Amino acid sequence: MPPFSDISLSPAKSGQQGSNTSARELSAPPFWQYCIVYASHMSTYDLPFTCLLYRVFVGLETMSNGESNVKENVREYYGSKLQTNADLKTTACCAASIPKKLRALLKDIHENVLEKFYGCGSPLPEGLEGCTVLDLGSGSGRDSFVASRLVGAHGTVIGVDMTEEQLAVARAHVDWHMERYGYDKANVTFRHGVIEDLASMGIADASVDVCVSNCVLNLSPDKAQVLREIFRVLKPGGELYFSDVFCDRRLPGTLREDQEVLGECLGGALYIEDVRRLLAELGCKDYRIMEQTEIQITDEAIAAKVGLARFFSLTLRCFKLPELEDRCEDFGQFATYLGTLDPVSFELDQGHQFEAGRARAVCGNTAAMVSAGIDGMRVLKSILSAWGRWQGERE
Ligand SMILES: C[S@@+](CC[C@H](N)C(=O)[O-])C[C@H]1O[C@@H](n2cnc3c(N)ncnc32)[C@H](O)[C@@H]1O
């Protein structure tokens with residue numbers, strides 16, 4: 001087998017030197033020239049290795065082209081095709097109902113931001129005071145600005161998005177919102193980049209209390225990488241709280257290549273079983289559902305493309321906890337809501353509503369989610385107290 005240093009590079013074409021592209025990139029010969037040099041050094045024993053190499057090369061090419069096409073289509077859809085949410089063809093990217101408690105806060109959001117809101121839920125958990133919140137795919141910034149209010153002047157919100165046009169709207173309205181909220185210093189910033197690579201935007205390991213996201217994961221060509229990044233940046237005890245479009249089945253890749261079906265948040269819709277597996281690989285073996293609404297596809301052309309597939313807007317909360325089990329099991333634990341937020345009740349998820357001051361039996365996973373024992377656990381520890389046989393003394 002020839003060592004790769006044997007392959008000589010042809011000289012750069014004249015007239016190209018002054019560009020931003022590196023000389024090595026410019027002078028790289030086409031793939032077939034590598035093949036000729038390689039073949040002249042090859043023995044018959046190398047044939048299986050050659051086939052493998054070819055498959056890897058073609059695979060990587062197709063994968064990276066496919067991924068960049070998806071991102072380009074999404075950028076174009078949200079950057080220039082859609083001017084406002086009135087241009088959407090379906091209700092998938094705006095199937096958002098906002099809880100009563102938060103509705104009043106929308107009055108303090110600028111109308112230019114609101115008209116470019118394309119979310120499908122309301123991924124804003126209670127008890128954010130003082131937290132660092134990361135909004136993935138923040139768009140024109142609606143949820144980032146609401147979060148800016150909820151974390152308070154001492155909290156921090158970082159919005160990230162890859163579409164310049166969306167970011168420009170968010171950035172142009174930071175001062176307006178800070179003045180409205182009475183903050184001396186802006187507690188929200190918007191960064192340009194892709195959610196598959198949060199490190200490139202300087203987001204460090206274990207630096208975020210809560211990651212929120214509204215209708216964005218479905219648009220990513222590499223959802224596993226996005227989730228890995230999220231669980232990297234979350235603090236222990238932190239959580240991912242996101243709304244997105246889910247489908248009752250795995251959709252064919254052709255739908256992801258259709259700019260309109262993809263851009264309308266349907267073509268890349270998440271399949272819940274895949275999400276469950278991806279989360280479990282990251283240690284999150286038990287996630288909780290907060291909201292669930294079926295999306296009606298009223299546009300006939302799009303309905304014909306998606307056939308019988310059913311779509312749902314779900315809001316999930318997924319904690320970064322070391323000891324979650326794959327099923328809810330009873331270890332004799334109880335939890336009590338302390339009445340810190342709403343004086344009457346607190347909803348951990350669809351199945352767990354806690355009345356203030358009244359103990360209720362909970363499974364081990366729920367106890368872990370609301371337990372004060374976790375280092376870095378955010379405000380839930382001041383909201384609920386959990387105890388039981390395994391936890392020893394009541395806190
Ligand atoms: C459906 S819109 C939702 C925007 C915002 N969350 C909201 O609720 O209005 C999707 C947004 O995600 C951004 N986006 C999609 N894929 C992304 C990626 N891989 N990295 C960063 N941003 C992405 C798009 O640019 C767009 O602004």
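Residues numbered from 1 in each chain as written. Predicted model: local features only at pLDDT ≥ 70, side-chain atom pairs only at ≥ 80, totals over all residues.

The number of helices and strands found in the protein is 15 helices and 13 strands. Counting across all 395 residues of the protein, residues that qualify as buried make up 39%. In the protein, of all internal contacts separated by at least 6 residues, the share reaching a separation of at least 24 is 74%. (Helix = DSSP H or I, 4+ residues; strand = E, 2+ residues; numbered from the N terminus. Buried ≥ 20, exposed ≤ 12 C-beta atoms within 10 Å, placed from the backbone. Contact = placed C-beta atoms within 7 Å.)

In the vicinity of the ligand lie 26 residues, with Gly119, Gly137, Gly139, Thr163 and Asn214 positioned nearest. Broken down by secondary-structure element, the contributors of at least two residues to the shell around the ligand are α3 (47–81) and α6 (142–151). With three residues, α3 is the largest single contributor of residues to the shell around the ligand. Each residue belonging to the shell around the ligand can be placed in one class, and the counts come to twelve nonpolar, nine polar and five charged. (Near = placed C-beta within 6 Å. Nonpolar A, V, L, I, M, F, W, Y, C, P; charged D, E, K, R; others polar.)

Moving on to the pairing of strand β9 (residues 333–337). Looking along a regular strand, one sees the side chains alternate between the two faces of the sheet. Counting buried residues in β9 gives four out of five residues, a clear majority hidden from the surface. For β9 and strand β12 (residues 360–362), the ladder comprises three bridges, and the chain directions are antiparallel. Looking across to β12, one finds that Ala335 is bridged to Arg360. (Pairing = 2+ DSSP bridges.)

When you line up the elements, Gly351 lands in the loop between β10 (345–349) and β11 (352–355). On a C-alpha basis, the gap between Gly351 and Met290 in space is 8.5 Å, while along the polypeptide they are 61 residues apart.

Backbone geometry at Ala206 places phi at a positive 45°, although glycine is not the residue there. With respect to the helices and strands, the residue Ala206 is situated in the loop between β3 (188–192) and β4 (208–214). For Cys215, which is not glycine, the phi torsion reads 70° and is therefore positive. Residue position: Cys215 is located in the loop between β4 and α9 (223–233).

The next subject is the environment of Glu165. Residue placement: Glu165 occurs in helix α7 (residues 164–172). In this structure Glu165 comes out as partly exposed when scored by C-beta crowding, with 17 C-beta atoms within 10 Å. Between the C-alpha atom of Glu165 and that of Ser140, which follows or precedes it by 25 residues, the distance is 8.4 Å. Look past the residues within four positions of Glu165 in its chain and what remains in contact with it is Gly79 and Ser80.

Turning to the nonpolar core, a few remarks are in order. Counting residues in each nonpolar core, the largest one holds 86 residues, and the members touching the most others are Val133, Ala147, Cys211, Val245 and Ala269. With seven residues, strand β5 (residues 234–247) is the single largest residue contributor to this core. Each of domain 2 (78–319) and domain 3 (333–391) contributes no fewer than three residues to this core. (Core = buried A, V, L, I, M, F, W, Y, C linked by C-beta atoms within 7 Å. Domains from an automatic or database assignment.)

In this section: α9. All of the buried residues along α9 are Lys223, Val226, Leu227, Glu229, Ile230, Phe231 and Val233. Buried residues in α9 make contact with β1 (132–136), β4, β5, β6 (270–271) and α12 (272–281).

This next bit is on the pairing of β11. Here four bridges tie β10 to β11, and the two strands are oriented antiparallel to one another. Looking across to β11, one finds that Glu347 is bridged to Gln353. Between β10 and β11, which pair antiparallel and follow one another directly, the connecting turn spans two residues.

The predicted coordinates should not be examined in detail at positions where pLDDT is low. Of the residues in the protein, 76% reach a pLDDT of 70 or more, and the chain-wide mean stands at 80. Low confidence marks residues 51–64, where pLDDT is under 50. Its contacts with residues over four positions away, or in another chain, come to zero contacts. Note that residues 388–395 has pLDDT below 50 and, in this model, 16 contacts with residues that lie over four places away or in other chains. (pLDDT = per-residue confidence, 0-100.)

On to the environment of Leu255, then. As for its placement among the helices and strands, Leu255 is situated in helix α10 (residues 253–257). When the C-alpha positions of Leu255 and Leu266 are compared, they lie 8.1 Å apart, and in sequence the two are eleven residues distant. Sequence-distant contacts of Leu255, that is, excluding residues within four places in its chain, are made with Val261, Gly267, Lys305 and Val306.

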